[in-house]
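# Report on the structure
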Amino acid sequence: MSIKLTEEMLGQLPDARGHFGDYGGRFVSETLMDSLMTLEREYLRLKKDPEFQAAFDKDLAHYVGRPSPLYFAERLTRETGGAQIWLKREDLNHTGAHKVNNTIGQALLASFLGKKRIIAETGAGQHGVATATVCARLGLECHVFMGAEDVRRQSLNVYRMKLLGAQVHSVQSGTRTLKDAMNDAMRDWVANVDDTFYIIGTVAGPHPYPLLVRDFQSVIGRETREQSLKQAGKLPDALVACVGGGSNAIGMFYPFLTDESVQLYGVEAGGLGIETGQHAAPLAAGRPGVLHGNRTYLMEDENGQIAGTHSVSAGLDYPGVGPEHSWLKDIGRANYVSVTDEEALNAFRRLTRVEGIMPALETAHAVAYAIKLAAEMEPDQMVVINISGRGDKDIHTIAQLDGIEA
Amino acid sequence: MSRIEGVLNNLREQGRKALIPYITAGDPHPDQTVELMHTLVKAGADIIELGVPFSDPMADGPVIQLACERALKHGTSLRQVAGLVKTFREQDPDTPVVLMGYLNPMVAMGYEAFADIAADAGVDGILTVDLPPEEADEVAPLFAARKMDPIFLLAPTTTDERIRLISEHASGYVYYVSVKGVTGSAAIDVDEVARKVANVHSITRVPVGVGFGIRDAKTAAAVGKVSDGVIVGSVLVDTIARNQTDPAQLKQALTDLLQPMRKALDGLVS
Ligand SMILES: Cc1ncc(COP(=O)(O)O)c(C=O)c1O
């Protein structure tokens, strides 16, 4: 059963080696070790530097447009007939997703470290767009690695990145999705480690990335906590967020970890159904292993080869997950569940029709689960969904499923 | 003394340098691997680095990525690779074999089970690309208890402090990665390598093998001159790729590549 977490316990995680319990760490080739240790040292220093934090907060306010609203979805609540459903509107951020919170933070770090060349991996293209955006603003050279399969299904975002001046590298190796994009980004980094900063898009990767991405994204949960108290007069009873690598979920969950009354639900991509093996749900159906620099739950075969994943949503199509989620799963603090492609697509349509808010397909997974959850809860209870991004980028996919040439 | 230490000590006494070829197990087909290993020994190999194929070889360039894909297409697993070493050992009790790969297949098998299987097969060293000594505290003692050497990497970016730390954990040899980049990338800067290896030698007595960027007799001799051995990988794997369909021609091509390197290295005898 769940253990009671305290601020003191959380303050010690990750530990000095970047471990969250059995997970996390720094499993990379030697060439990258010095850079990662420098990044860790500098980040831990800047984390306490008021000047750095002020610069970050200022950008979040004036460039991203924070705080993002916490919106009571009245009609969806009425139609669902259970707990109140509230939406944390990360889709209203500049560039249309939560990803920009992190890219702003990491680009600031890159500037403080004097790095002029930026690389990033992307799945849905939201992190690529957010990275290209901050690079355009700061005049940094930007290279985005994206699996060839994702280049195809997220063509609108590819074009956005190009307009912003980024060079998009279509990755042809392996399964041609997010994990392969991350492999190629790591390969580029090894070759250009002196002048290049790698902006990782989620809470995965080697220490200190899971830590710093979580810190940058935690603004979501901090705002949600304050807004809930102010607008609803209490803390939410449940938080729901989709989990690809897990950055929007950890950003939402982290400031609530010590609030025992708040239930946490991370929603993974169930694809065609967990039982088919065609999914991207390592926490639901994987086991611990090592990939991309950290130890975490993974989808793999019996020989430890990484398994192919399937999800209708490119941003969730990843065989691993951030190590802190693996820890939260094992200690029982957060619940990890999954919904299928079909359920997510239905939820996309539902939120669009009922609230006039078109969520990203990633986000639609959280919406689908939250609706099921809220229906079983009491009307005086409160569920907050992290609306991690807007759905414009997915209209092409939806139109194709509808048999429309878009 | 481990088999690797024995071989390197002998070479040192003779003033000779180690020739350490790398091939990926199961490439182009698992049935060919043992014979290719014998071919490498006949052509002058002192130690063999045998790659364990992985689905996501993050530190490798396209040449070895494709080798992994070819091997995995035939389902080459870590367990099978150990089996190949065991078969190799039936005819060759002397040449040390180092398994080189990524950590996850070992995690999947379980560290203890892997250490047992590898030791039973006659494996002499384990080089895990994504396992720096900081994360090796669980598995390294299991290797040591079975007289297998943990082989660690050193890179151009490794500080003196880390060279000290790594060599404390290392035995057999340390593998100096001569270029910043993935396997099969940029040309090697021999003067720079000479400076770096001299620095490593000033810090530790563990022998230093140098890999990445060694493609022919000339680069082998230049690097052999300043180190204890040379590791040759991508150029061999590329040769395998180009001769996949003709096993006899493949053996000849590998021999033609390796023999001149052996000669060039032995020409350095002081
Ligand atoms: C809108 C949106 N939500 C969620 C994700 C999944 O990432 P994470 O789990 O890191 O939040 C993505 C990734 O591309 C995304 O674009």
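For the structure given in this document, a descriptive report is provided here. All of these numbers come straight from a predicted model, not from anything done at the bench. (Residues numbered from 1 in each chain as written. Chains lettered and ligands numbered in written order. Predicted model: local features only at pLDDT ≥ 70, side-chain atom pairs only at ≥ 80, totals over all residues. Heavy atoms only, no water.)

### Looking at the overall build of chain B
Per the secondary structure count, chain B includes 12 helices and eight strands. Each principal axis of the C-alpha distribution contributes one length, and for chain B these read about 45 × 40 × 35 Å. When each of the 270 residues of chain B is scored for burial, the buried share is 63%. For chain B, the exposed area adds up to about 10,200 Å²; of that, 51% sits on carbon and sulfur atoms. Counting 25 positive and 35 negative side-chain charges, chain B places the centres of these two groups 5 Å from one another. (Helix = DSSP H or I, 4+ residues; strand = E, 2+ residues; numbered from the N terminus. Buried < 20%, exposed > 50% of the residue type's maximum accessible area, 1.4 Å probe, protein only. Areas by Shrake-Rupley, 256 points an atom, 1.4 Å probe, with all protein chains shown as cover. Lys, Arg positive; Asp, Glu negative; His and termini not counted. Charge placed at Lys NZ, Arg CZ, Asp CG, Glu CD.)

### Structural notes on the packing of aromatic side chains
With the rule as written, the count across this model stands at 12 aromatic pairs over all chains. Aromatic side chains Y175 of chain B and F212 of chain B sit 6.2 Å apart centroid to centroid with 90° between the ring planes, which places their arrangement in the edge-to-face category. Pair noted here: Y175 of chain B is in strand 6 (residues 174-177) and F212 of chain B is in the loop between strand 7 (208-211) and helix 10 (217-226), with a separation of 37 residues, a long-range link. Judged on exposure class, the residue Y175 of chain B and its partner F212 of chain B are both buried. Taken together, the ring pairs connect Y43, F56 and F216 of chain A into an aromatic cluster. Over the aromatic face of Y63 of chain A sits the side chain of R137 of chain A, whose NZ or CZ is 4.3 Å from the ring centroid. Here the basic side chain of K329 of chain A rests over the ring of Y297 of chain A, its NZ or CZ set 5.3 Å away from the ring centre. (Phe/Tyr/Trp six-rings, centres within 6.5 Å; stacked < 30°, edge-to-face > 60°. Lys NZ or Arg CZ within 6 Å of the ring centre and 35° of its normal.)

### As for the site of the ligand
Residues and elements named next belong to chain A. Near the ligand, the surroundings consist of 19 residues, among which T202, G244, G246, S247 and S388 are the closest. K99 is positioned such that a nitrogen or oxygen atom in its side chain is 3.1 Å from an oxygen atom of the ligand. A distance of 2.6 Å separates an oxygen atom of the ligand from a polar side-chain atom of T202. The protein chains hide 98% of the 390 Å² of surface that the ligand would expose on its own. (Near = heavy atom within 4 Å. Polar contact = N/O pair within 3.5 Å; in protein donor to acceptor, adjacent residues only side chain to side chain.)

### As for the interface of chain B and chain A
The accessible area lost on association of the parts is a frequent measure of interface size. Taken residue by residue, the interface counts 36 residues in chain B and 37 residues in chain A. Taken together, the links from chain B to chain A amount to five salt bridges. Between K180 of chain B and D194 of chain A there is a salt bridge whose closest N-O contact spans 2.5 Å. The interface formed by chain B and chain A contains 17 residue pairs in polar contact (both at pLDDT 80 or more). For the side of chain B that touches chain A, the secondary-structure elements that each account for two or more residues are helix 3 (62-73), helix 5 (104-109), strand 5 (149-154) and helix 8 (160-169) of chain B. A per-element tally of the side of chain B that touches chain A places helix 5 of chain B first, with four residues. Broken down by class, the residue content of the side of chain B that touches chain A amounts to 18 nonpolar, nine polar and nine charged. (Contact = heavy atoms within 4.5 Å. Salt bridge = Lys/Arg side-chain N within 4 Å of Asp/Glu carboxyl O. Nonpolar A, V, L, I, M, F, W, Y, C, P; charged D, E, K, R; others polar.)

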